[in-house]
Amino acid sequence: MRNVYRFRGILLAALMSLSIVGCNKQAIDDVEYDLGESVEDNTSSSNTSNKSQNGQLLAERLGVDDKLTYKEEFPLGRTKIVLDFNSDPQEIYQIPSYQADSAVYDAAKEDEIVKNLFGDTAKRIDVDIDEYLGSKDAEGSLRSEKDVFHVYEGEYEGNDFILYYAYQEYNNTIDISMRPVDVGSFIDDPKKQYIYHISANPSFCSYFVEDEIGIGGNVNLSEDVISDLTPIDNISEVSLELNDIPNRYSASDDQLFDIASNFFRHTLGLDIMDESICVNLQNDFYVEGSEESGELEGSKFSEREELYFSDSKEFGDAIDKKDNLIKDGYSVSITSKIGEMNSTINGLYADDNYGWISITSKGIAGFEYHYGYTIGEMITEDVQMLKFDGIMESLKNAITEYMDPEELKRSEITFNECYLEYYGLSSPDKKGEYTFIPAWVFWGLDTQGKYSMVILNAVDGSFITMINE
């Protein structure tokens, strides 16, 4: 039996440096404002098109022309608060509300997943849960008797894998992860035991390295740290030279989507939304020096990341020896998106849904999925929201009431980023049940670069939570 990989990276990191102000736990059914027409009263509720009942874009619904613009300064004790917004509203027509349930451990569900993956080849491996999740007797431990950490080995599509299945009760999250025992078997090269997920034109390169001690993290290629990893000075040269390596596996976005969707929905039996499978989610990226050269200005990178196989577990070494890299396949991200917006249940995103799946010319080379909730039925097809000027008044009131300048000891905080996302309000009547509604997220930075985040209910402007670094 090969060495069991350490279970790293998908367990929750300690967030000891964050200060969280209490959340509004009021359920959407208990509030008195109008959310809009409920699905039960709407005979056309099965229509999931982007058109709302009144056909208005988000900007129109918020009472703005084409920009979310607002500027004001006011004192909060000895701290100067600056509100300076000038951003494009998201292009959204319809914003439903949804019921959701917290993740719960189900032994029968775990057995089903193991059987679907490994069949009769599945073998349970005895492990010490304390080694992976920490001792429940340790000071400050969040461990519970109901916590689960199981490891299996078995064969999937002709390749040997290690499967991890973990549940942590304190935040009701489940982690499922499958790693290849022999990475080199996917490319017929036993020396190459490390895999990197690298976006096609990386400025921010998310990657993982599989070996006997665990999984790596990520590296920002636009930072100067790259000079310590590779002799190539210009980041765009790194991007272009990696692009020159031919990919052994050719697949369209639709093909990758179908593979990922079939695997998560049918093989694993998990309820995930189409929008969360981000094969071609495009994001702006910045390449150092591109403003002067214009060479890569306006370029994009995708959540469809290419897979590189290497005989080095050090990212810099792998890039230095790029002639030794083999490119075969793609990694597809799984996000917490609902419709056109991301979702969260606590603002920290640690309990939310995310993952990836690696797809090569020889099949699936691993996956990871972390989830804290499952989206259920649509409650309201299109919720009613407060105008943007009303939200700005609510933001000022929330900062004044809930931010303690004496505790933060900051001379100035500037809020200049805002966007809509889904926030799960917990039900006061049913534990583990949530209602996902649209919420405004506001980000602010002080003069030292420490952040503050305020989340407001987009329906009525009520305060949900505040997080200060």
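**With respect to the overall build of the protein chain**
- Summing up its helical and strand segments, the protein chain has nine helices and 24 strands in all.
- Looking at the 469 residues of the protein chain, the share that counts as buried comes to 53%.
- In the protein chain, the proportion of contacts linking residues at least 24 apart, taken out of those at least 6 apart, comes to 67%.

**Focus on the environment of serine 358**
- As for its placement among the helices and strands, serine 358 is situated in strand S18 (residues 354–360).
- Residue serine 358 is classed as buried on the basis of its relative accessible area, which comes to 0%.

**Describing the pattern of salt bridges**
- Applying the stated criterion across every chain yields a total of 15 salt bridges.
- Between lysine 396 and glutamate 72 there is a salt bridge, with the nearest N and O atoms lying 3.0 Å from each other. Here the residue lysine 396 occupies a position in helix H8 (residues 388–402), and glutamate 72 occupies one in strand S2 (residues 68–76), the gap between them amounting to 324 residues.
- When the shortest N-O distance is used, the salt bridge between arginine 179 and glutamate 368 registers 3.4 Å. Here glutamate 368 lies in strand S19 (residues 363–371) and arginine 179 lies in strand S8 (residues 173–180), a separation of 189 residues in the sequence.
- Looking at arginine 179, the relative accessible area reads 2%, which means it is buried.

**Brief notes about the packing of aromatic side chains**
- All chains considered together, the criterion is met by 19 aromatic pairs.
- Ring centres 5.0 Å apart and planes at 65° place the aromatic pair phenylalanine 263 and phenylalanine 367 in the edge-to-face group. One end of the pair, phenylalanine 263, is in helix H5 (residues 253–267); the other, phenylalanine 367, is in strand S19, and 104 residues separate them in sequence.
- The buried category is assigned to phenylalanine 263, whose relative accessible area is 1%.
- Ring centres of phenylalanine 264 and phenylalanine 367 lie 6.0 Å apart, and the angle between their planes is 85°; this geometry places the pair in the edge-to-face category. Separated by 103 residues along the polypeptide, phenylalanine 264 in helix H5 and phenylalanine 367 in strand S19 bring together distant segments of the chain.

**Here we look at the confidence of the model for the protein chain**
- Of the residues in the protein chain, 72% have a pLDDT of 70 or more, and the chain-wide mean is 76.
- Looking over the protein chain, one finds the lowest element-wise mean pLDDT in helix H6 (residues 290–293), namely 35, and the highest in helix H2 (residues 107–118), namely 97.
- Predicted confidence is poor over residues 22–34, with pLDDT under 50, and the contacts of this stretch with residues over four places away or in other chains come to 30 contacts.
- Within the model, pLDDT remains below 50 along residues 39–55, and this stretch shows 28 contacts once partners closer than five positions in the same chain are excluded.

**Here we look at the side chain of arginine 61**
- Turning to its location among the elements, arginine 61 is positioned in helix H1 (residues 58–61).
- The buried category is assigned to arginine 61, whose relative accessible area is 8%.
- For arginine 61, the side chain forms a polar contact with the main-chain oxygen of valine 383, separated by 2.6 Å.

**Looking at unusual backbone geometry**
- Residues other than glycine seldom take positive phi values, yet glutamate 157 does so here, at roughly 50°.
- Following the sequence through the fold, glutamate 157 ends up in the loop between strand S6 (148–156) and strand S7 (159–168).
- Unlike most non-glycine residues, asparagine 172 shows phi in positive territory, near 50°.

**What to know about H8**
- Between the first and last C-alpha of H8 there are 21 Å, a value that for 15 residues agrees with the 21 Å anticipated at 1.5 Å per step.
- Check the buried side of H8 and you find it contacts S2, strand S3 (79–87), strand S21 (412–426), strand S22 (433–446), strand S23 (451–457) and strand S24 (463–468).

**Concerning the pairing of strand S4 (residues 97–102)**
- Most of S4 sits inside the fold, with five of its six residues counted as buried.
- Note: S4 against strand S20 (residues 373–380), five bridges, orientation antiparallel. Across the sheet, serine 97 pairs through a bridge with threonine 380, a residue of S20.
- In the sheet, S4 pairs with S22 via four bridges, with the strands oriented antiparallel. When the bridges of S22 are listed, tyrosine 98 appears paired with phenylalanine 436.

**Examining the nonpolar core**
- Among the nonpolar cores identified, the biggest contains 45 residues, and Ile399, Phe415, Phe436, Trp440, Phe442 and Val454 are the most heavily contacted of them.
- Here this core takes six residues from H8, the largest share from any one element.
- Not counting chain neighbours up to four residues away, the residues in contact with phenylalanine 415 comprise Ile81, Val82, Leu83, Asp84, Phe85, Ile399, Met403, Phe442, Trp443, Gly444, Ser452 and Val454.
- Residues Tyr152, Phe161, Val183 and Phe367 belong to the second largest nonpolar core, which totals 43 residues.

Cut-off values and rules
Starting afresh in each chain, residues are numbered from 1 along the sequence in its written order. Residues qualify for local features only when their pLDDT is at least 70, as the model is predicted, and side-chain atom pairs are given and counted only at 80 or more; totals for whole chains, interfaces and linings, by contrast, use all residues. Excluded from the side-chain calculations are hydrogens and water; all other atoms, namely the structure's heavy atoms, are used. Helix and strand assignments come from DSSP, with helices taken as H or I runs of at least 4 residues and strands as E runs of at least 2, each series counted from the N terminus. For every residue, the accessible area obtained with a 1.4 Å probe (protein chains only) is divided by the maximum for its type, and the residue is called buried under 20%, exposed over 50%, and partly exposed between those limits. For this analysis, residues touch if any pair of their heavy atoms sits within 4.5 Å. Just to be clear on terms, a salt bridge is a Lys or Arg side-chain nitrogen sitting within 4 Å of an Asp or Glu carboxyl oxygen. Pairs were defined over the aromatic rings of Phe, Tyr and Trp, the Trp ring being its six-membered one, requiring ring centres within 6.5 Å. Orientation was assigned from the angle between planes: stacked under 30 degrees, edge-to-face over 60, tilted for the rest. Every residue is assigned a pLDDT by the predictor, reflecting its confidence on a scale from 0 to 100. The term polar contact refers here to a pair of N or O atoms within 3.5 Å; inside protein, the definition further demands a hydrogen-donor-capable atom paired with an acceptor-capable atom, and it admits residues adjacent in sequence only when both atoms are side-chain atoms. Under the convention used throughout, the expected extent of a helix is 1.5 Å for every residue step, that is, one less than its residue count. A pair of strands is labelled paired if DSSP reports no fewer than 2 bridges between them. Residues enter a nonpolar core if they are buried and are Ala, Val, Leu, Ile, Met, Phe, Trp, Tyr or Cys, with the set joined through side-chain atoms within 4.5 Å.

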